[in-house]
Amino acid sequence: AGGGPLLPDSVLYEIFLYLDHVDVLSVGLVCQQWHAVARDEFLWKELFYRYYRISREVPRHPAAVSWYDEFQRLYDTIPCVEVQALREHNDQVLHLSFSHSGCLFASCSKDCTVKIWSNELDISLQHSSNMRPYNWSYTQFSQFNSDDSLLLVSGVFVGPHNSSSGEIAVISMENFTLLSRVRNKPYDVFGCWLNETNLISGNLHRIGRITSCSVLWLNNAFQGIESENVNVVKRLFKIQNLNASTIRTVMVADCSRYDSPDLLLDYEEQLAASSTSTCPVFDLGSDSEEEEAKPKQTPEPVVQELPDDGGVTAEDGLQQFFDDIMEGRVRPAMTETELETKVAELFVRNRTKPPELNLLSTDSNSKTKYLIFTTGCLTYSPHQIGIKRILPHQMTTAGPVLGEERRSDEFFDSLDHVIDIHGHIIGMGLSPDHRYLYVNSRAWPRDCVISDPMQPPPIAEEIDLHVFDLKTMKEVKRALRAHRAYTPNEECFFIFLDVSRDFVASGAEDRHGYIWDRHYNICLAKLQHDNVVNSVAFSPVEQELLLTASDDTTIKVWRSPRAVRIQQARKPRPRKLLFSWLMNQKS
């Protein structure tokens, strides 16, 4: 009673079966038996594996001290109790982001406002900025800088002749004034902070019908304040896009944090870290031993390599290609789209700066960061993750605008690493330690062939949540499943996910948010809304607090059963009965 656990009925039933042989004669004996049960590791281990349907070969969470505590963690610390619904937005709510201190969070919406909320016991609205005076159509993304003094807000900008691209605004958290605005094209680049005062934006230049060039820019947040003699913008990378693909959804990972992760997801690495014997890595997503024995179907991450041209220059290659066309040696006949792609590939062959070497051997003590983004090579729908190393000297707007160490004939930068997802990517998120990248995707049919980049393959309704280790560039667990999406390729939109120390959460089009345990790869909770759930956000200082944002115009606040009990215990108890008793005594 009081401080004891609140167990589900099915678990209580298991415990009663366990105690069924005991002749319970008194409350004291019951307490003694419960005390024994609470310390019975074998019982709690059996209950854990049976109740959560986990393979018994999966080890216990490395931070758990007992199976009882681990059982208690999973049923009592999941933020699955709705405690508040915020209805100040009057249109679809698209994105949520917490400040690093956890004291504030921001929300973006189709009503074209960005709202700042105070995260107290009862959450309250602190400020609202309307972006319509700046010709914005809606706000779509926000991010606090590392010291929470500035807020990056990304939105869709309506330009001349109703053309739409993106724009990024920087808002001061001291007085909520607008400090600067930066163009961002396409708008779903979103933008992100590189450090406290510099942010990354994108631009897109069309070269042909399906060929383009993405340029990623580093911008100073205080562009209207800096001297005109100081650079406020600098080109980071210029990357060629083929087959109608573009760079989108940029984010930055800090490599210096890899060797002190909050949670190691590879079981062998867990055991090595705790100086115990090694064991095989188990596939958690399978339903049978036969399925576990099968190799993973997800393509292995591959490093992008420049084609071997045998010493032939780009000019010679192009001339040879054109001669082959004129003399009929190109068979079968190429379509206009295939011809454009082939010419673009030949043109860029010797005009691209080579990739950085030894990407996987990054010094953990260095200040190197990774720029991560979605891209592609086969069609316009994002189906690859590109990774580009940002070196320390590139993290400032000082220096030559067009970058250092680039020959005059090096027009483009190559990607340092590419992860192929074989599906439409609809969401990405980093773990708090930046060691793991979580990716929402909707798979293409197996063995599908893309003949027209403007007609990508159909995508699955099931959403796969992949997990990649950025230290090894490999997928470390079988994709998580439970959530679904229904829109086709041309209408597919971003569904934001978030990762805490122990949990990962995501929105979905099936009117629910979902929470999984990162270690056991199991779905723990479904959080209901009345429409599509676009975004989720854990408090960075309290993972038992989760926010969900939906097309139903609401932001819901979810806390764990334990947090709710603690919150209720702190509230003053009503004194009405005591007052009535005293009055009766006087009379």
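Here, every reference points to the structure presented above.
Scope of this entry: the structure provided in the associated data block. On a predicted model such as this, the values are computed, not experimentally measured, just so you know.

Rules used in this analysis
- Residues numbered from 1 in each chain as written.
- Predicted model: local features only at pLDDT ≥ 70, side-chain atom pairs only at ≥ 80, totals over all residues.
- Heavy atoms only, no water.
- Helix = DSSP H or I, 4+ residues; strand = E, 2+ residues; numbered from the N terminus.
- Buried < 20%, exposed > 50% of the residue type's maximum accessible area, 1.4 Å probe, protein only.
- Polar contact = N/O pair within 3.5 Å; in protein donor to acceptor, adjacent residues only side chain to side chain.
- Contact = heavy atoms within 4.5 Å.
- Expected span 1.5 Å × (residues − 1).
- Pairing = 2+ DSSP bridges.
- Axes fitted to C-alpha atoms, helices over the stretch in contact; angles between N-to-C directions.
- Salt bridge = Lys/Arg side-chain N within 4 Å of Asp/Glu carboxyl O.
- Left-handed = near helix turned anticlockwise from the far one by under 90°.
- Nonpolar A, V, L, I, M, F, W, Y, C, P; charged D, E, K, R; others polar.
- Phe/Tyr/Trp six-rings, centres within 6.5 Å; stacked < 30°, edge-to-face > 60°.

1. A short note on the side chain of Asn440
Here is step 1: Turning to its location among the elements, Asn440 is positioned in strand β21 (residues 436-443).
Here is step 2: Judged by relative accessible area, Asn440 falls into the buried class, the value being 0%.
Here is step 3: Side-chain polar atoms of Asn440 contact the side chain of His483, separated by 3.0 Å.
Here is step 4: Looking at Asn440, its side chain comes within polar contact range of the side chain of Ser506, at 2.9 Å.
Here is step 5: If sequence neighbours within four positions are ignored, Asn440 has contacts with His424, Ile425, Ile426, Gly427, Ile463, Asp464, Leu465, His483, Ile495, Leu497 and Ser506.

2. A closer look at helix α3 (residues 41-52)
Here is step 1: The terminal C-alpha atoms of α3, which comprises twelve residues, lie 16 Å apart, in line with the 16 Å expected from a rise of 1.5 Å per residue.
Here is step 2: Where α3 is concerned, the buried positions are Leu43, Trp44, Leu47, Phe48, Tyr49 and Tyr52.
Here is step 3: Two residues or fewer past α3, Arg53 is found with a positive phi of approximately 55°.

3. What to know about the sheet that holds strand β26 (residues 512-517)
Here is step 1: Taken in spatial order, the four strands of this open sheet run β24-β25-β26-β27, and their pairing is antiparallel. Whereas interior strands pair on both sides, the edge strands pair on one side only; in this sheet they are β24 (497-499) and β27 (522-528). Going from strand to strand, the sheet's axes swing by 15° on average, the running direction of each strand aside.
Here is step 2: Bridge count for β24 against strand β25 (residues 503-506) is three bridges, and the pairing is antiparallel. The residue of β25 that forms the bridge with Asp498 is Ala505.

4. Points about the sheet that holds strand β5 (residues 124-130)
Here is step 1: If you walk across this open sheet you meet the four strands as β2-β3-β4-β5, and the pairing is antiparallel. Looking at strand neighbours, the two that pair on one side only are β2 (93-98) and β5, the edges of this open sheet. For this sheet, the mean angle separating the axes of adjacent strands, direction not counted, is 20°.

5. Some details on the pattern of salt bridges
If charged atoms from side chains of opposite charge come close, those side chains can pair.
Here is step 1: By the definition in use, this model includes 18 salt bridges.
Here is step 2: Glu41 is the partner of Arg60 in a salt bridge, and the nearest nitrogen-oxygen pair spans 3.2 Å. Highlighted residues: Arg60 in the loop between α3 and α4 (67-76) and Glu41 in helix α3, separated in sequence by 19 residues.
Here is step 3: Judged by relative accessible area, Glu41 falls into the partly exposed class, the value being 29%.
Here is step 4: The partner of Arg442 in a salt bridge is Glu509, and the shortest N-O contact between them spans 4.0 Å. Highlighted residues: Arg442 in strand β21 and Glu509 in the loop between β25 and β26, separated in sequence by 67 residues.
Here is step 5: For Glu509, a relative accessible area of 9% corresponds to the buried category.

6. Let's talk about the packing of α3 against α4
Here is step 1: At a minimum axis separation of 8 Å, α3 and α4 run at an interaxial angle of 35°. For α3 against α4, the interelement crossing comes out left-handed. Within the contact between the two elements, α3 uses Glu41, Trp44, Lys45, Leu47, Phe48, Tyr49, Tyr51 and Tyr52 and α4 uses Trp67, Tyr68, Glu70, Phe71, Leu74 and Tyr75.
Here is step 2: Partitioning the contact of α3 with α4 into residue classes produces eleven nonpolar, no polar and three charged.

7. Observations concerning the packing of aromatic side chains
Here is step 1: Across all of its chains, the model carries 21 aromatic pairs by this definition.
Here is step 2: With 5.2 Å between their ring centres and 55° between their planes, Tyr49 and Trp67 make a pair best called tilted. Remark: Trp67 occurs in helix α4 and Tyr49 occurs in helix α3; sequence separation between them is 18 residues. For the residue pair Tyr49 and Trp67, the accessibility class agrees, reading buried in each case.

8. Digging into the pairing of strand β6 (residues 136-144)
Here is step 1: Counting buried positions along β6 yields seven of nine residues, so the element is predominantly enclosed.
Here is step 2: Looking at chain direction, β6 and strand β7 (residues 150-158) are connected through seven bridges and run antiparallel. When the sheet's bridge partners are listed, Phe144 is paired in β7 with Leu151.

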